[in-house]
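Here is what each chain is made of, one letter per residue.
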Amino acid sequence: KNIAAHLHPKDLDLWLEVADFQERLDNKKDALYSIQRVIRRQGKFPDASLLMWRGRLYEDLHQSIQAIQTYEKLLKIYPGYENDPTVVTKLCKLYYPNPSKRTRVATMLQKCVDSEGAMADENMVNMLVEVLLESKEFLKAAKTIERHIDRIEGRKGEDSKCDYQSLVLKLPIDLQVKYGVALLQMHPLPSSSTGNSIISAKEEGAENQKDVHTEEEKQDDWKKPIPRWPESCFASLLKHDADTMHDLHRDVADACDATNRYVRTTLTLALLIPCPSPSSPGM
């Protein structure tokens, strides 16, 4: 601000140079002040890049509300940015901690992911799938991943049959696991009359071979066979250390528990139990 005090209010280019210099010196508050001066001078239609810059500075300063307001203003003035992965991802990450904004997050992500000709960013796809799983929209979550695979493979999903459970292995491990979780949730095992008895591993195995479709699938005409235990979706997970993949293991365990796969739940949770170190000699 000491430098800014000597600048002419209308010399916008110089204000921008100062803002850039201040940010490079990690003086983000001062950089924000300089950017604000330029944006105010530009009136009702400030440059989109400056709004992006201001939003990023607010994020860096952990001022989430102001960052959200800036990105929302950007979308209002320039609607075309609704399909910009950078803007959408930033805004959704800011909204995501607020449960009341999950619908807004899902709508923005879905629109951007489905935009014609767009190759969706995998972080954006991952966030959308997570929101859909939390909302119990399991079929939509699975189809979102399948459409992403179709785009990667350069194919049209409706034209021919596709073994998505093999192709999913080309995706990051979190999307692999989320695809498997969605399939599990769409195919729950029948619960006992008491709701508490444990289905044996043999019984679980027998149920996994059946091709049973939920009413949701029938209505959506999504009738291709889906194995009830999508082994390939979780194969990569088992190759990693359980400590580093703790959250994903919990996601699998929670899905198994919710779909009455109690043996699988136990086996998955057992992986998270630390093994005791062997006692040293003499102890």
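The present account deals with the structure reproduced in this document. Just so it is clear, the model here is predicted, and its values are computed rather than measured.

1. Observations regarding the environment of H240
Here is step 1 of the chain: Among the structural elements, H240 can be located in the loop between α13 (231–238) and α14 (246–258).
Here is step 2 of the chain: On the accessibility criterion, H240 (37% relative accessible area) is partly exposed.
Here is step 3 of the chain: Once you skip the residues sitting within four places of it in the chain, H240 turns out to touch I173 and M245.
Here is step 4 of the chain: Engagement of the side chain of H240 in a polar contact is seen with the backbone oxygen of S236, the distance being 2.8 Å.

2. Concerning the packing of helix α1 (residues 12–24) against helix α2 (residues 28–42)
Here is step 1 of the chain: α2 packs onto α1 with a crossing angle of 160° between their chain directions and a minimal axis gap of 8 Å. With respect to each other, α1 and α2 are oriented roughly antiparallel. Where α1 crosses over α2, the two elements pack in a sense that is left-handed. The residues of α2 that touch α1, namely those facing L12, W15, L16, V18, A19, Q22 and E23, are K28, D30, A31, Y33, S34, I35, R37, V38 and R41.

3. Observations concerning the nonpolar core
Here is step 1 of the chain: L109, I145, V177, Y179 and F234 are the most contacted members of the largest nonpolar core, which has 70 residues in total.
Here is step 2 of the chain: Excluding residues within four positions of it along the chain, L109 makes contact with V88, C92, M124, M127 and L128.

4. Section: the packing of aromatic side chains
Here is step 1 of the chain: In total, this model carries two aromatic pairs according to the counting rule given.
Here is step 2 of the chain: Relative to Y81, the ring of Y78 lies with its centre 6.3 Å away and its plane at 70°, an arrangement referred to as edge-to-face.
Here is step 3 of the chain: According to the relative accessible area criterion, Y81 is partly exposed, its value standing at 27%.
Here is step 4 of the chain: Residue placement shows R102 over the ring face of Y96; its charged tip is 4.0 Å from the ring centre.

5. Some thoughts on the side chain of Q110
Here is step 1 of the chain: By the element assignment, Q110 lies in helix α6 (residues 102–113).
Here is step 2 of the chain: When its relative accessible area of 16% is taken as the criterion, Q110 is described as buried.
Here is step 3 of the chain: Sequence-distant contacts of Q110, defined by excluding residues within four places in its chain, comprise L128, L132, K140, T144 and R147.

6. Quick word on the state of the cysteines
Defined simply, a disulfide is a covalent bond joining two cysteines at their sulfur atoms.
Here is step 1 of the chain: One pass over the full model with this rule turns up zero disulfides.
Here is step 2 of the chain: The thiol of C112 is not disulfide-bonded; the next cysteine sulfur, from C92, is found 8.4 Å away.

7. Quick notes on unusual backbone geometry
Here is step 1 of the chain: In this model, D26 sits at a positive phi of 65°, which is unusual for a non-glycine residue.
Here is step 2 of the chain: With respect to the helices and strands, D26 occurs in the loop between α1 and α2.
Here is step 3 of the chain: On the basis of relative accessibility, which here comes to 54%, the residue D26 falls in the exposed class.
Here is step 4 of the chain: Here the phi dihedral of H62 falls at roughly 60°; this positive angle occurs in a residue that is not glycine.
Here is step 5 of the chain: In this fold, H62 is placed in the loop between α3 (48–60) and α4 (64–77).

8. Re the packing of α4 against helix α5 (residues 85–95)
Here is step 1 of the chain: Relative to each other, α4 and α5 sit at 145°, their axes nearing to 10 Å. Of the two possible hands of crossing, α4 and α5 adopt the one that is left-handed. Here S64, A67, I68, Y71, E72, L74 and L75 of α4 come into contact with α5, specifically with V87, K90, L91, L94 and Y95.
Here is step 2 of the chain: Residue composition of the contact of α4 with α5, grouped by class: nine nonpolar, one polar and two charged.

9. Some thoughts on the pattern of salt bridges
Here is step 1 of the chain: Overall, the coordinates contain eleven salt bridges when judged by the stated rule.
Here is step 2 of the chain: D20 is the partner of R24 in a salt bridge, and the nearest nitrogen-oxygen pair spans 3.0 Å. Here R24 and its partner D20 are both found in helix α1, four residues apart, which amounts to about one turn of the helix.
Here is step 3 of the chain: Salt bridges sharing partners connect three or more residues here, namely D26, K28 and D60.

Reading guide: rules and limits
Each chain carries its own residue numbering, running from 1 in the written order of its sequence. The predicted origin of the model limits local features to residues at a pLDDT of at least 70 and limits the giving and counting of side-chain atom pairs to 80 or more, whereas totals for whole chains, interfaces and linings rest on all residues. Remark: hydrogens and water are excluded; side-chain values derive from all non-hydrogen atoms of the structure. What counts as a helix is a DSSP run of H or I of at least four residues, what counts as a strand is a run of E of at least two, and both are numbered from the N terminus. The classification of residues rests on relative accessible area computed with a 1.4 Å probe and restricted to protein chains. Under 20% of the type maximum is buried, over 50% is exposed, and intermediate values are partly exposed. In this analysis, two residues are considered to be in contact whenever any of their non-hydrogen atoms come within 4.5 Å of each other. For this analysis, a polar contact is any N or O atom pair within 3.5 Å, provided that within protein one partner can donate a hydrogen and the other can accept it, and provided that sequence-adjacent residues contribute only side-chain to side-chain pairs. Simply put, an axis is a line fit to the C-alpha atoms, just over the touching stretch for a helix, and the angle between two N-to-C directions goes from 0 to 180 degrees. Comment on the angle field: the value is read as roughly parallel under 35 degrees, roughly antiparallel over 145, roughly perpendicular from 65 to 115, and oblique elsewhere. Throughout, a crossing is termed right-handed when the near helix is turned clockwise from the far one, and left-handed when it is turned anticlockwise from it by less than a right angle. Here, nonpolar core means buried Ala, Val, Leu, Ile, Met, Phe, Trp, Tyr and Cys residues that are tied together by side-chain atoms lying within 4.5 Å of each other. By convention, a stacked pair of Phe, Tyr or Trp rings (six-membered ring in the case of Trp) has centres within 6.5 Å and planes under 30 degrees apart, an edge-to-face pair has planes over 60 apart, and any other such pair is tilted. Only when the NZ atom of a Lys or the CZ atom of an Arg is both within 6 Å of the ring centre and within 35 degrees of the ring normal do we say a charge sits over the ring. Put simply, a disulfide is two cysteine sulfurs that come within 2.5 Å. Three categories are distinguished: nonpolar for Ala, Val, Leu, Ile, Met, Phe, Trp, Tyr, Cys and Pro, charged for Asp, Glu, Lys and Arg, and polar for the others, with Gly belonging to the last. For this analysis, a salt bridge means a side-chain nitrogen from Lys or Arg found within 4 Å of a carboxyl oxygen belonging to Asp or Glu.

Don't take any of this as a statement about function, it's just geometry.
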